[in-house]
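# Examination of the molecular architecture
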Amino acid sequence: MKVISNQRLFDGEQIRIEHPSETLQCIMRFSLYLPRGMSAPAKVPAVYWLSGLTCTDENFSTKAGAQRIAAELGIALVIADTSPRGAAVPDADSYDMGQGAGFYVNATQAPWKAHFRMYDYITQELPHFVQAHFPVSDKKAISGHSMGGHGALIMAAKRPSHYCSVSAFAPIVNPMACSWGQKALTGYLGDDRSEWAQFDSVELIREHGLSLPLLVDQGTADEFLAEQLLTENLAEVIRDQANALIRYQEGYDHSYYFIASFIEEHLRFHAKHLLA
């Protein structure tokens, strides 16, 4: 493990870490906010954050303004990268495939399958690493934006016992039905749509339900809402679930200005379940 940077922030530590990943077969980076610093005697619960297309672990840590609230609440923020990276890792010429666009699936197709196993990395290797090296407990919530919202939703649906709650900003809820998702799922998983359904939150929730508390915020001025995000498809499958809420925020777009506007409410939502 290598600590790349460590800054004092709201009486806590904002840390950037590099480590070798056995799951992804490359060197990975992630960011971690600890509300009481690296030497905290008590372990704290964590919100795991998954970012969207083209992002790294630094987008959320520098733009969302989440640390002040995390410090107040006494929760850690674990901020993952969006894909494996490096010269030996396959890539594509487009922004929506390859490095920066892992889509949080376990790839089965060449040339991606050796490295692009972001589902296993986020649900297994990363939390095990964090809990082994830092004062972070095994109580977890998960959240994300856009492609990362898709990742958060599928992980919550597939592994409800691993998380206390789930939230998302402008998530890609039904990747089987949008061009971003169809391109990624074909490339990473092949042509079998039954394999796609294992990484599609609408299909997973339709089949199995969602037992975790859910909060989704979606901006009405989001340029990707109609063609890529398809929020109404999620609204349909959670319609009868009392612990699930989708809020449409008038005039907000797809940017980090939107996330910064509502991140406090999301962290307080998660804290109710993490600290119960």
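Quick look at the structure, then. (Residues numbered from 1 in each chain as written. Predicted model: local features only at pLDDT ≥ 70, side-chain atom pairs only at ≥ 80, totals over all residues. Heavy atoms only, no water.)

Time to look at the overall build of the chain. Helix and strand counts for the chain stand at 10 helices and nine strands. The globule rule puts the C-alpha radius of gyration for 276 residues at 19 Å, and the 17 Å found for the chain is close to it. Taking the principal axes of its C-alpha atoms as reference, the chain extends roughly 50 × 45 × 35 Å. Taking all 276 residues of the chain together, 60% fall into the buried category. Contacts in the chain between residues far apart in sequence, at least 24 positions, make up 71% of those at least 6 positions apart. Taken as a whole, the chain presents about 10,900 Å² of accessible surface, with 49% of it coming from carbon and sulfur. Of note, the chain has its 22 positive side-chain charges centred 7 Å away from the centre of its 31 negative side-chain charges. (Helix = DSSP H or I, 4+ residues; strand = E, 2+ residues; numbered from the N terminus. Rg over C-alpha atoms; globule rule 2.2 N^0.38 Å. Buried < 20%, exposed > 50% of the residue type's maximum accessible area, 1.4 Å probe, protein only. Contact = heavy atoms within 4.5 Å. Areas by Shrake-Rupley, 256 points an atom, 1.4 Å probe, with all protein chains shown as cover. Lys, Arg positive; Asp, Glu negative; His and termini not counted. Charge placed at Lys NZ, Arg CZ, Asp CG, Glu CD.)

Helix-helix packing is described using two parameters, namely the angle between the two axes and the distance between the axes. Across the interface, helix H4 (residues 147-158) lies against helix H7 (residues 201-208) with an axial gap of 9 Å and an inter-helix angle of 20°. In terms of orientation, H4 and H7 fall into the roughly parallel class. Considering the relative orientation of H4 and H7, their crossing is left-handed. Taking contact as the criterion, the partners of Leu153, Ile154, Ala157 and Lys158 in H4 are, on H7, Ser201, Leu204 and Ile205. (Axes fitted to C-alpha atoms, helices over the stretch in contact; angles between N-to-C directions. Parallel < 35°, antiparallel > 145°, perpendicular 65-115°, else oblique. Left-handed = near helix turned anticlockwise from the far one by under 90°.)

On to the pattern of salt bridges. This structure, assessed with the given rule, holds 15 salt bridges. A salt bridge links Glu72 to Arg268, with the nearest nitrogen and oxygen atoms 2.9 Å apart. Residue Glu72 is found in helix H2 (residues 67-73), and its partner Arg268 is found in helix H10 (residues 256-274); the two are separated by 196 residues along the sequence. Taking the relative accessible area as the measure of exposure, Arg268 reaches 31% and is therefore partly exposed. It is possible to trace a salt-bridge network through shared partners that takes in Arg68, Glu72, Glu264 and Arg268. (Salt bridge = Lys/Arg side-chain N within 4 Å of Asp/Glu carboxyl O.)

Across the sheet, which stays open at both edges, the nine strands sit in the order E1-E2-E3-E5-E4-E6-E7-E8-E9 with mixed pairing between neighbours. Both outer strands of the open sheet, strand E1 (2-9) and strand E9 (244-249), are each paired with one neighbouring strand and no more. Along the sheet, successive strands turn relative to each other by an average axial angle of 20°, direction set aside. Two elements, strand E3 (residues 26-34) and strand E5 (residues 76-80), share four bridges in a ladder whose sense is antiparallel. (Pairing = 2+ DSSP bridges.)

Looking now at the environment of Cys55. Within the fold, Cys55 resides in the loop between strand E4 (44-50) and helix H1 (58-63). A residue is classified by how much of its surface remains accessible, and Cys55, at 8% relative accessible area, is buried.

Before going further, it helps to examine the nonpolar core. Judged by nonpolar contacts, the single largest core of 95 residues is most densely connected at Phe30, Phe60, Ile122, Ile142, Tyr188 and Leu234. Sorting elements by how many residues they give to this core places H10 first, with eight residues. Among residues more than four places away in sequence, those in contact with Leu234 are Leu153, Val173, Val202, Ile205, Val216 and Ile246. (Core = buried A, V, L, I, M, F, W, Y, C linked by side-chain atoms within 4.5 Å.)

Cis peptide bonds are those with omega within 30 degrees of zero, and the linkage from Ala110 to Pro111 qualifies with 0°. With respect to the element layout, Pro111 can be found in the loop between E5 and helix H3 (118-133). For Phe10, which is not glycine, the phi dihedral falls at a positive 50°. Relative to the elements of secondary structure, Phe10 occurs in the loop between E1 and strand E2 (12-21). Taking the relative accessible area as the measure of exposure, Phe10 reaches 46% and is therefore partly exposed.

On to the environment of Gly65. Counting through the fold element by element, Gly65 comes out in the loop between H1 and H2. A residue is classified by how much of its surface remains accessible, and Gly65, at 47% relative accessible area, is partly exposed. Residues Gly65 and Ile172 lie 107 residues apart in sequence; the distance between their C-alpha atoms is 23 Å.

What follows deals with the environment of Leu210. With respect to the element layout, Leu210 can be found in the loop between H7 and strand E8 (214-219). Residue classification places Leu210 among the buried positions, given a relative accessible area of 7%. Along the chain, Leu210 and Pro160 lie 50 residues apart, while their C-alpha atoms are 7.7 Å from each other. With near-sequence residues (within four places) excluded, Leu210 lies in contact with Ala156, Ala157, Val166, Ile205, Gln241 and Asn243.

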